[in-house]
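These are the residues of each chain, in order.
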Amino acid sequence: MPTRRLHRKAPSLTAVTFAFVAASAVVVGLMLFFLMRERLQTYGRDTMATAIGVRAAGVQTALEHLLYDEWSRLKALAREVGADDPQTIRTKLQTLVGEGDGLSWAGYAGIDGAIQASYADAMLGESVSVTSWFQTGLRKPTAEDVRETVSPASGQGRSQPSVIFAAPVRNADGQVRGVLAARLDLSSATILLRDMARALNIDLVLIDSAGVVLMQTRGRAEDAPDLPSLQAARAGASIVSLERWPDGRSYFSAVVPEIAYRDLPALGWSLVARVPADLAVAPAEQVSRGMIFYLASFGLMLLLLTMIFVESFIRPFGLLARTASKIADGAEVYPPDTNRTRELQMITAAIVRLQTRLHRH
């Protein structure tokens with residue numbers, strides 16, 4: 001008994017063409033989408049890391065200028081009062097504090113350490129001989145980060161962080177006759193840092209040499225976590241890192257390890273600036289959404305071009321195949337004359353020759 005060979009119906013050349021083009025478009029589109037997305041995210045992270053470092057350096061410069069301006073005014077006054085009496089020095093100290101943006105106290109201590117003149121007569125007659133700024137100020141100009149009470153004008157001392165500027169006062173013979181000092185409260189620096197943080201859209205943390213958080217523009221100082229950036233700030237290292245803070249968000253953090261300018265002595269302060277990592281990813285997300293639209297548009301254009309290609313070059317093969325099948329079944333038909341491609345011409349000519357031979361037989 002003869003066996004019949006079963007043939008499954010094969011897909012048409014048109015269907016194969018559409019499937020191939022569609023599969024290729026999907027594969028290429030997905031590869032392009034994820035590649036561009038990854039590159040954009042990498043570029044965004046690198047750009048944001050550079051930007052946060054530049055912003056931190058800008059804040060550092062502004063803070064340094066604030067400190068240096070008060071430092072320079074104190075040194076200039078110390079050179080002027082070498083021959084003045086305490087009452088004249090008191091008048092000039094009133095002007096020094098009144099014209100400054102952040103000075104809360106200024107005073108003149110004699111060689112024995114007793115305060116002989118001061119702003120608003122605060123601490124008048126008290127001795128500061130044991131303070132480090134007075135002892136250093138007898139030898140050279142100095143700036144120190146202190147926590148001690150300096151200007152209890154109301155009779156109640158304050159222990160918030162501040163900076164003491166001190167410089168020796170010399171007479172006409174060049175001999176030291178005392179020390180001129182001024183106190184800059186951290187509140188003025190805090191206002192500056194908060195204004196700059198708001199303008200630059202960043203968060204700032206100021207840390208002293210002991211690792212104590214002096215201020216931060218968001219949250220409370222005691223809530224500052226023990227993160228690599230803050231550890232680097234305490235160690236005086238400059239880094240830019242991506243880290244997760246206790247609020248659950250990731251931030252790019254940049255550390256400026258030293259606040260010092262020209263001859264202003266280093267205070268041991270470090271500045272940490274941070275910006276949400278979402279800002280680096282957001283442009284990539286926006287571009288990704290735009291890419292989806294453009295890739296979809298490209299797919300539609302590719303579909304249209306595929307349809308034109310199929311109608312022009314693929315369907316003639318189907319028509320020729322159906323004609324050949326009819327000829328094989330004995331129908332008196334002739335293959336269409338098409339000049340679309342050389343291959344079509346060759347197949348058509350071959351079918352015509354076969355058909356001629358069949359008629360001869």
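A quick note: this is a predicted structure, and the numbers were derived from the prediction, not measured.

K.L.:
Account for the overall build of the protein chain, naming residues and giving values.
P.N.:
The number of helices and strands found in the protein chain is seven helices and ten strands. For the protein chain, the residues scored as buried account for 39% of the 361 residues in total. In the protein chain, 57% of the contacts between residues at least 6 apart in sequence involve partners at least 24 apart. For the protein chain, the accessible surface area stands at approximately 20,500 Å², while carbon and sulfur atoms represent 58% of it.

K.L.:
Can you break down the nonpolar core residue by residue, with the values?
P.N.:
The biggest cluster of nonpolar side chains holds 51 residues, and the ones touching the most others in it are Leu67, Phe165, Leu180, Leu206 and Trp269. Top contributing element to this core by residue count: helix H1 (residues 13-80), with twelve residues. For Leu180, the residues in contact, after removing those within four places along its chain, are Leu74, Leu77, Ala78, Ile89, Leu93, Gly107, Tyr108, Phe165, Ala166, Ala167 and Val169.

K.L.:
Can you tell me about the sheet that holds strand E2 (residues 115-118), naming the residues and giving the values?
P.N.:
The five strands lie next to each other as E2-E1-E5-E4-E3, forming an open sheet whose pairing is antiparallel. In the strand order of this sheet, the two ends are held by E2 and strand E3 (142-146), each with one partner. Sheet twist, expressed as the mean angle between neighbouring strand axes with direction ignored, is 25°. In the sheet, strand E4 (residues 162-170) pairs with strand E5 (residues 176-185) via nine bridges, with the strands oriented antiparallel. By the bridge assignment for E5, Ala167 is matched with Leu180. Packing of helix H4 (residues 186-200) onto the sheet brings it into contact with E4 and E5, and relative to E5 it is tilted by some 40°.

K.L.:
Before we move on, can you summarise a nonpolar patch on the surface with the specific residues and values?
P.N.:
On the surface, Val26, Leu30 and Phe34 cluster together to form a nonpolar patch covering roughly 290 Å² of accessible area. Along the polypeptide, Leu30 turns up in helix H1.

K.L.:
Give me the lowdown on the sheet that holds strand E6 (residues 203-207), citing residues and values where you can.
P.N.:
One key point about sheets: their strands pair by backbone hydrogen bonds, in either a parallel or an antiparallel sense. On the basis of which strands lie adjacent, the open sheet formed by five strands has the order E7-E6-E10-E9-E8 and antiparallel pairing. Since the sheet does not close on itself, it has two edges, and those belong to strand E7 (213-216) and strand E8 (240-244), each with one partner. For this sheet, the mean angle separating the axes of adjacent strands, direction not counted, is 25°. Note: strand E9 (residues 250-256) against strand E10 (residues 270-276), six bridges, orientation antiparallel. The residue of E10 that forms the bridge with Ser253 is Arg274. Relative to E7, H4 is tilted by about 40°, and along the sheet it contacts E6 and E7.

Conventions and cut-offs
- Residues numbered from 1 in each chain as written.
- Predicted model: local features only at pLDDT ≥ 70, side-chain atom pairs only at ≥ 80, totals over all residues.
- Heavy atoms only, no water.
- Helix = DSSP H or I, 4+ residues; strand = E, 2+ residues; numbered from the N terminus.
- Buried < 20%, exposed > 50% of the residue type's maximum accessible area, 1.4 Å probe, protein only.
- Contact = heavy atoms within 4.5 Å.
- Areas by Shrake-Rupley, 256 points an atom, 1.4 Å probe, with all protein chains shown as cover.
- Core = buried A, V, L, I, M, F, W, Y, C linked by side-chain atoms within 4.5 Å.
- Pairing = 2+ DSSP bridges.
- Axes fitted to C-alpha atoms, helices over the stretch in contact; angles between N-to-C directions.
- Patch = residues over 30% accessible without salt bridge, like charges linked within 9 Å, V, L, I, M, F, W, Y side chains within 5 Å.
- Salt bridge = Lys/Arg side-chain N within 4 Å of Asp/Glu carboxyl O.

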